[in-house]
Amino acid sequence: MLPDAKPPLTSQFPPGADAALSAFVESIPGVSLRGDYSRMQPDFTTTQNWHDYAPADHELWRQLYRRQVDIARRYAAPAFLDGLGRLRMLEDRIPLFERTSEQLERLTNWRIVPVPGLIPDYVFFAHLAKRQFPVTVWIRKPEEMDYLVEPDVFHDFFGHVPLLSQPIFADYLQEYGRKGAEALQLDATKLLSRLFWYMVEFGLIRSEAGIKAYGAGMLSSATETAYSVDSPLPNRIAFDLQRVMETDYRIDTFQASYFVLDDFQDLFAAMQQPFAPLYERAKAKETLPATALLPTDIVLHAGTQSRQ
Ligand code: HBI
Ligand code: FE
């Protein structure tokens with residue numbers, strides 16, 4: 001092995017865990033695995049070891065939190081702000097997952113499970129199906145303040161956890177996890193992950209005060225939150241389950257299209273139908289580029305990017 005080569009992933013895993021994760025990571029261009037996978041359980045959970053965080057880690061959390069909470073006050077959906085308020089996070093230190101799990105259990109019977117970083121789809125789905133949300137234990141480096149590809153504790157916790165306190169969204173996410181096992185059987189994981197990408201990571205929702213952001217990917221981003229709500233460039237299209245499943249997405253740029261909910265009930269209701277026919281229809285069609293606008297779309301805003 002070359003002296004500077006990274007140890008092969010498999011040297012860090014419990015037996016049998018490595019093939020699925022290596023395949024999963026290889027499926028995401030530009031992503032390498034960070035985090036300590038050597039002490040995780042077979043279900044990929046690990047321990048948070050809160051006392052191992054350095055003061056610099058807590059200081060970075062504080063900077064990220066102060067920046068994003070100001071942005072969220074202006075652009076976030078009311079449900080996200082309500083969730084943020086209920087969690088009463090201390091702004092100057094990385095939260096203790098166990099403490100938040102106790103709060104979430106009382107609110108919606110969800111818990112946080114610490115994970116070393118990205119985990120395979122089938123494991124991620126299985127945790128969601130048990131109302132357990134995987135949160136990465138490590139935090140980014142200061143030079144990654146504005147952008148990193150893999151989810152760190154700030155993205156997972158600040159971006160995803162507040163909405164776990166909202167009953168309808170909490171139920172939706174468990175349904176999403178339950179659909180995971182079926183998607184694996186039907187070789188439709190990619191189609192299902194589009195639903196997660198567009199409606200969990202980058203979702204918009206109508207509110208009395210106009211369109212607001214609720215997606216974890218935008219709410220943990222310094223710049224994409226404002227862009228998703230204010231910019232004339234991207235498309236904003238009313239949520240349609242089949243349309244989302246047929247639409248490609250990019251992980252390394254701002255979204256070219258955002259899908260807009262009327263309310264979270266729409267998302268939960270969408271999960272009640274059988275997905276197999278939707279997968280069949282989506283597989284029979286050409287994948288739509290993220291920039292696409294269709295005559296059948298309910299277009300709330302036709303992005304100027306497509307008119308360049
Ligand atoms: N792993 N830790 C972690 N966090 C995620 O958000 C995540 C994941 N693995 C797979 C995944 N998300 C998506 O592919 C889901 O659609 C399954
Ligand atoms: Fe995420």
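The structure we're discussing is the one just above.
Residues numbered from 1 in each chain as written. Chains lettered and ligands numbered in written order. Predicted model: local features only at pLDDT ≥ 70, side-chain atom pairs only at ≥ 80, totals over all residues. Heavy atoms only, no water.

1. Re the site of ligand 1
Note the threshold: Only heavy atoms are used to decide nearness, and a residue is near a molecule or strand if one of them lies within 4 Å of it. Polar contacts here mean pairs of N or O atoms no more than 3.5 Å apart (in protein, one a potential hydrogen donor and the other a potential acceptor; neighbouring residues in sequence count only if both atoms are side-chain atoms). All accessible-area figures derive from a Shrake-Rupley calculation using a 1.4 Å probe, and residue coverage is judged against the displayed protein chains alone. The definitions used throughout rest on a 1 Å grid laid over the protein atoms alone, on which a cavity is an enclosed set of points accommodating a 1.4 Å probe that cannot get out and a pocket is an open set flanked by protein within 12 Å on both sides along at least five of seven lines; lining residues are those having an atom within 4 Å of a point. Assignment to a cavity or pocket requires that more than half of a molecule's atoms be within 2 Å of the site's grid points. By the criteria applied, helices consist of DSSP H or I runs no shorter than four residues and strands consist of E runs no shorter than two, each listed in order from the N terminus. In the scheme used here, Gly and all other residues not listed as nonpolar or charged are polar, with Ala, Val, Leu, Ile, Met, Phe, Trp, Tyr, Cys and Pro taken as nonpolar and Asp, Glu, Lys and Arg as charged.
Taken together, F24, V115, G117, L118, I119, D121, F124, F125, Y176, S193 and F196 make up all the residues around ligand 1. For ligand 1, a nitrogen atom lies 2.9 Å from a polar atom in the backbone of G117. Between ligand 1 and Y176 there is a distance of 3.0 Å, counted from an oxygen atom to a side-chain nitrogen or oxygen. Protein burial of ligand 1: of its 390 Å² of free accessible surface, 92% is covered by the chains. If you map ligand 1 onto the pockets, it falls in the largest pocket. Of all elements in the fold, only α5 (121–129) and α8 (189–201) reach the threshold of two or more residues within the shell around ligand 1. For the shell around ligand 1, the element with the most residues is α5, which contributes three residues. A per-class count over the shell around ligand 1 returns eight nonpolar, two polar and one charged.

2. Description of the pairing of strand β6 (residues 257–261)
It is a general feature of regular strands that their side chains alternate between the two faces of the sheet. Stated formally: Burial classes follow relative accessibility: with a 1.4 Å probe on protein chains only, a residue under 20% of its type's maximum area counts as buried, one over 50% as exposed, and anything between as partly exposed. Pairing between strands is defined by DSSP: at least two bridges between the two strands are required.
Summarising burial for β6: five of the five residues are buried, a large majority. Direction of pairing for strand β3 (residues 204–207) relative to β6: parallel, over a ladder of two bridges. From the neighbouring strand, L204 faces β6, where its bridge partner is V260.

3. Some points on the coordination of the iron ion (ligand 2)
Metal coordination angles have textbook ideals: 109.5 degrees for a tetrahedral set of four donors and 90 or 180 degrees for an octahedral set of six. The criterion, for reference: Coordination partners: N, O, S within 2.8 Å of the metal, 3.2 Å for Na, K and Ca; water not considered, so apparent gaps in a site are possible.
Binding of the iron ion (ligand 2) to the protein goes through H155 (NE2), H160 (NE2) and E201 (OE), at separations of 1.9 to 2.1 Å. In the primary sequence, the donor residues of the iron ion (ligand 2) line up as H-x4-H-x40-E. One end of the pair, H155, is in helix α6 (residues 153–160); the other, E201, is in helix α8, and 46 residues separate them in sequence. A residue is classified by how much of its surface remains accessible, and H155, at 11% relative accessible area, is buried.

4. Observations regarding the sheet that holds strand β7 (residues 299–301)
The criterion, for reference: Orientation is described by lines fitted to C-alpha atoms, with helices fitted over the stretch in contact, and by angles between N-to-C directions that extend from 0 to 180 degrees.
Strand order in the open sheet made by the five strands is β4-β3-β6-β5-β7, with mixed pairing throughout. Edge strands, defined here as strands with exactly one partner in the open sheet, are β4 (210–213) and β7. Neighbouring strand axes in the sheet, compared pairwise and without regard to direction, differ in orientation by 35° on average.

5. Here's the deal with the layout of surface pockets
Definition in use: Grid points are joined across faces, edges and corners, and a volume is the space filled by probe spheres set on the points.
Counted as a void, the largest pocket has a volume near 1,300 Å³. If you go around the largest pocket, you meet 49 residues; those closest to its centre are V149, P151, W197, E201 and I251. Put simply, the parts of the chain that give the lining of the largest pocket at least two residues each are α5, β2 (132–136), α6 and α8. A per-element tally of the lining of the largest pocket places α8 first, with six residues. Residue classes in the lining of the largest pocket are distributed as 24 nonpolar, 14 polar and eleven charged.

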